[in-house]
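# Working through the structure, step by step
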Amino acid sequence: MNRSRTLIWIAISLSILALMLAACAPQAETVGEAEPAAEEAAAAPTEAPAEESDDMSMEPIKIGALAPLSAPGAVVGGEAMREAMLIAAEELNARGGIMGRPVELIIVDTEGLPERGTAVVERLINQDGVVGIGGGYHSSVGVAAKEVARDNGVPIVFAETWNDTITSVQYDEIFRIAPLSSEVSAVDVKFIQWLRDENGMKLDKVVILTENTDYGIPAAQNTTALLDDAGIDSVTFSVDIGTQDFAGIIERVKAESPDMIVTLATGEASYNFTQQAADAGIGPQNVPTMCNQVSLVSDAFWTNVPDGNYCFVRRIGLPQQLYNDVAQALVTEYSARTGKDDIESYAMASYDSIMLIAQAIEDSGSTNPADIIDALENINHMGALGPITFPINRSNTPEQAGVDPKWWHQFPDPAITIVQYQVEGQDATETTVVYPVIYQTGAPIIVGQE
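We now turn to the structure provided with this report. (Residues numbered from 1 in each chain as written. Predicted model: local features only at pLDDT ≥ 70, side-chain atom pairs only at ≥ 80, totals over all residues. Heavy atoms only, no water.)

### Describing the overall build of the chain
- When you go through the chain residue by residue, the secondary structure sums to 15 helices and 15 strands.
- Nonlocal contacts in the chain, meaning residues at least 24 apart in sequence, comprise 66% of its contacts between residues at least 6 apart.
- Of the roughly 18400 Å² of accessible surface on the chain, a fraction of 49% belongs to carbon and sulfur atoms. (Helix = DSSP H or I, 4+ residues; strand = E, 2+ residues; numbered from the N terminus. Contact = heavy atoms within 4.5 Å. Areas by Shrake-Rupley, 256 points an atom, 1.4 Å probe, with all protein chains shown as cover.)

### Observations concerning the packing of helix α3 (residues 75-94) against helix α13 (residues 345-364)
- The N-to-C vectors of α3 and α13 enclose an angle of 35°; their axes lie 8 Å apart at closest approach. Crossing angle aside, the handedness with which α3 passes α13 is right-handed. For the pair α3 and α13, the contacting residues are Gly 77, Ala 80, Met 81, Ala 84, Met 85, Ile 87, Ala 88, Glu 91 and Leu 92 in the first and Tyr 346, Ala 347, Ser 350, Tyr 351, Ile 354, Met 355 and Ala 358 in the second.
- Broken down by class, the residue content of the contact of α3 with α13 amounts to 13 nonpolar, 2 polar and 1 charged. (Axes fitted to C-alpha atoms, helices over the stretch in contact; angles between N-to-C directions. Left-handed = near helix turned anticlockwise from the far one by under 90°. Nonpolar A, V, L, I, M, F, W, Y, C, P; charged D, E, K, R; others polar.)

### Section: the pairing of strand β11 (residues 312-316)
- For β11, the tally of buried residues reaches 5 of 5 residues, placing the bulk of the element in the interior.
- Of the two faces of β11, the one lined by Phe 312, Arg 314 and Ile 316 and the one lined by Val 313 and Arg 315 are each fully buried.
- A crossover links strand β10 (residues 289-291) with its parallel partner β11, the connecting element being helix α11 (residues 298-304), and its sense is right-handed.
- Where β11 lies against strand β14 (residues 416-420), 5 bridges are found, and the strand directions are antiparallel. Counted as the bridge partner of Phe 312 is Gln 420 from β14. (Buried < 20%, exposed > 50% of the residue type's maximum accessible area, 1.4 Å probe, protein only. Right-handed = clockwise from strand over helix to strand, strands pointing away. Pairing = 2+ DSSP bridges.)

### Digging into the state of the cysteines
- Within this structure, the stated rule accounts for 1 disulfide.
- Paired through a disulfide, Cys 291 and Cys 311 show a sulfur-sulfur distance of 1.9 Å. One quick way to see it: the torsion about the S-S bond of Cys 291 and Cys 311 is about -45°, and its sign makes the bridge left-handed. Of this pair, Cys 291 sits in strand β10 while Cys 311 is found in the loop between α11 and β11, placing the two residues 20 residues apart along the sequence. Like Cys 311, Cys 291 is buried. (Disulfide = S-S within 2.5 Å.)

### Notes on unusual backbone geometry
- The residue after Ala 71, namely Pro 72, is reached through a cis peptide bond having omega 10°.
- Its place among the elements puts Pro 72 in the loop between β2 (61-67) and α3.
- Residue Tyr 435 is joined to Pro 436 through a cis peptide bond whose omega torsion reads 0°.
- Mapping Pro 436 onto the fold places it in the segment after β15 (432-435).
- Of note, Met 99 is a non-glycine position whose phi angle comes to about 55°, a positive value.
- By the secondary structure assignment, Met 99 is in the loop between α3 and β3 (103-109).
- For Met 99, a relative accessible area of 32% translates into the label partly exposed.

### Some points on the packing of helix α12 (residues 325-338) against α13
- Relative to each other, α12 and α13 sit at 110°, their axes nearing to 11 Å. In terms of axis orientation, α12 runs roughly perpendicular to α13. On the side of α12, the interface is formed by Val 326, Ala 327, Leu 330 and Tyr 334, while α13 contributes Ala 347, Met 348 and Tyr 351.
- Here the residues of the contact of α12 with α13 are counted per class, giving 7 nonpolar, no polar and no charged. (Parallel < 35°, antiparallel > 145°, perpendicular 65-115°, else oblique.)

### Concerning the nonpolar core
- Ranked by internal contacts, the top residues of the largest apolar core, which has 69 residues, are Leu 105 and Ile 177.
- Only β2, α3, β3, α11, α12, α13 and α14 (369-377) provide two or more residues apiece to this core.
- Among the elements that make up this core, the one with the highest residue count is α13 (12 residues).
- When residues no more than four places from it in sequence are discounted, the contact partners of Ile 177 are Val 157, Phe 158, Ala 159, Ala 349, Asp 352, Ser 353, Leu 356, Leu 385, Ile 388, Phe 390, Phe 411 and Pro 414.
- Counting 29 residues, the second largest nonpolar core, distinct from the first, contains Leu 195, Tyr 215, Ile 232 and Met 290. (Core = buried A, V, L, I, M, F, W, Y, C linked by side-chain atoms within 4.5 Å.)

### Re the packing of aromatic side chains
- What the rule picks out here adds up to 12 aromatic pairs.
- Each ring, one from Trp 302 and one from Tyr 421, has its centre 5.1 Å from the other, and the planes form 70°; the classification is edge-to-face. On the criterion of sequence distance, the pair formed by Trp 302 in helix α11 and Tyr 421 in the loop between β14 and β15 is long-range, its members being 119 residues apart. By the burial criterion, Trp 302 is buried, and Tyr 421 matches it.
- Through a chain of ring-to-ring contacts, three or more aromatic side chains come together here, namely Phe 191, Trp 194, Phe 312 and Tyr 435. (Phe/Tyr/Trp six-rings, centres within 6.5 Å; stacked < 30°, edge-to-face > 60°.)

Here it is as structure tokens:
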């Protein structure tokens, strides 16, 4: 009898342990299946499903996708990326899939954290069996995820991870259609110099507010070095990702009496800093301010930063009036789904990242990741961002091309513009393009200058 009771308790204990392990595993959400419970939805990845079939030729081709869908990641950015990637998967399936096989898109939540990014990429590759991965927002996630991709030989096309080292390590598996952080910093500083030299703005000191991440730290360093070359002093203050209370930092910023503030904190943290700075009298209506690109999510921006008028915002991609047919069709569908008048650049890039993988599979006629990598190196894809190629690759190495290693598997032509909100509550589509002059639709409004 005692032995029977012992066996029963062992069985119960094993059942409880199995349930606990299952609960701790990273979750995946499937588009087209029943909606997950509300408390599970935030953590669940999203899949665009394929119909089941006994025919192996109809087995789905699985593509993974990365997006920050919960804090401390840039959630508004992640949600935009998710919607665009779902549009891509649905378009592919509507036209017959890839090589006649349905597409199953599995979107996972990175939370903006490198350790989470590592875990979900490992799951996508080793459990879900994806043949390629698109998306990606935070550089710290990209820096970590690239190692998993390399170890497993599976390609990732990053959409919004700027850190130079992501490509400069020259891994066969890593491609990027986002701009390089150093190149973006160069545009920022050229813009600041232009404000000084061509618009008469007083610019003796710039304060940089950055986050302690693989995006924020090198971006601040690059910007500081370039400002120094331009004869402009700068001071950098750094905060952790997801910071909500900036009171102490703002007092230190005020003490510097800056002529301009450059915000390199991402997501909701950038909203918090900008509005709290405005409350303290050094916001965008008091001191010329470069706000983070998530400020182009107009509804979220004005809800969180009601005093954000006159923000300068960096926008990746061409102005709307120069969109090609792919971009215009994407905007139409995206707007119908989201109610937005335009689409964020990182959402466009996310859409393109999925379409690039799909074309590489078609071009190679294979779902072997090595064949997909070969096809990506030789691809010429007309995307929402324009014609996308990766000219620096194994056949034309950085050394052979005489360029820096950071250009490895890097889309060389993402347009970078600076826009400015000039009317309170203005939609992002109506912002004034102030720089570069070739795209300019109006002059900058410079505040706080005597």
